[in-house]
Amino acid sequence: MTPTPLAPYLPLAVVLLLAGGMAMLIPQITTRLGPKRMSAIKSTSFEAGSESTGPARQRFAVKFYVVALLFIVFDVEAVFLYPWAVNFKALGWFGYVEMLVFAATLVVGLIYIWKKGALDWES
């Protein structure tokens, strides 16, 4: 039997169908099997383990946004480690030194923001 040009995509189609099926099935199962008794405590707003206080439109300290941006920056930088790790042997010593420079730049940036107090929650 001759394979069709779409044969290499069959595993991808299977994974997509399984993922789509699970995305539809899991909420249905939890809706049908989950607890249904509501109470005053369950109906209240919940945010990060603490009770809500004040109006919903209150201002937040800039520090929250700075920490969020720093998390995104370092998270995106960590994404660059994966392709480097995959091609580690092919890159040789040049790739190793380049990643050391990259990591050193990240460490210097982390030390800088640490010294500036951007990661201190108390102040």
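On a predicted model such as this, the values are computed, not experimentally measured, just so you know.

(A) Highlighting the overall build of the protein. A tally of regular secondary structure across the protein gives five helices and zero strands. Secondary structure elements in the protein, listed N-terminal to C-terminal, are α-α-α-α-α. Over its C-alpha atoms the protein spans a radius of gyration of 24 Å, topping by over 25% the 14 Å that the globule rule assigns to 123 residues. Overall, the protein is about 65 × 55 × 20 Å in size when its C-alpha atoms are taken along their principal axes. Out of the 123 residues in the protein, the part that is buried amounts to 6%. Counting only carbon and sulfur atoms, one obtains 72% of the accessible surface of the protein, whose full area is about 11500 Å². Across the protein, the mean location of the 10 positive side-chain charges is 12 Å away from that of the 7 negative side-chain charges.

(B) Structural detail: the domain arrangement of the protein. Considered domain by domain, the protein is made up of domain 1 (1-32) and domain 2 (60-122). Put simply, the middle of domain 1 and the middle of domain 2, counted by C-alpha atoms, are 36 Å apart.

(C) Representation of the UniProt feature "transmembrane region" (unreviewed entry) in the protein in the model. The UniProt feature table records "transmembrane region" (unreviewed entry) at residues 6-27, 64-85 and 91-114. What you have in residues 6-27 is 82% helix and 0% strand, and the ends, taken at the C-alpha atoms, are 32 Å apart. As annotated, residues 91-114 comprises 100% helix and 0% strand, and the C-alpha atoms at either end are separated by 32 Å.

(D) Fine view of a nonpolar patch on the surface. There is a patch of nonpolar side chains on the surface, built from F88, W93, Y96, V97, L100 and V101 and spanning about 620 Å² of accessible area. If you trace the backbone, V97 turns up in helix α5 (residues 88-116). According to the relative accessible area criterion, V97 is partly exposed, its value standing at 43%.

Cut-offs applied
Counting from 1, residues in each chain are numbered in the order their sequence is written. Under the rules for a predicted model, residues below a pLDDT of 70 receive no local features and side-chain atom pairs below 80 are neither given nor counted, while totals for whole chains, interfaces and linings still include all residues. No hydrogens and no water enter the side-chain calculation; it runs on all heavy atoms of the structure. Strands are runs of DSSP state E lasting at least two residues, helices are runs of H or I lasting at least four, and both sets are numbered from the N terminus onward. Just to be clear, the radius of gyration here is over C-alpha atoms, and the globule rule we use is 2.2 Å times residues to the power 0.38. Buried, partly exposed and exposed residues are distinguished by accessible area as a fraction of the type maximum, computed with a 1.4 Å probe on protein chains only: under 20%, between the cut-offs, and over 50%, respectively. Exposure was quantified through the Shrake-Rupley algorithm and a 1.4 Å probe, taking into account, for residues, occlusion by the shown protein chains and nothing else. Just so you know, the count uses Lys and Arg for positive and Asp and Glu for negative, and it drops His and the chain ends. Charged side chains are reduced to one point each, which is NZ for Lys, CZ for Arg, CG for Asp and CD for Glu. Boundaries between domains were set according to an automatic or database domain assignment. UniProt positions are given in the numbering used here, feature names are shortened, and annotations may be inferred rather than shown by experiment. Patches were defined on residues exceeding 30% relative accessible area and lacking a salt bridge, with like-charge contacts within 9 Å and nonpolar side-chain contacts (Val, Leu, Ile, Met, Phe, Trp, Tyr) within 5 Å. Each salt bridge in this description consists of a side-chain nitrogen of Lys or Arg and a carboxyl oxygen of Asp or Glu lying within 4 Å of one another.

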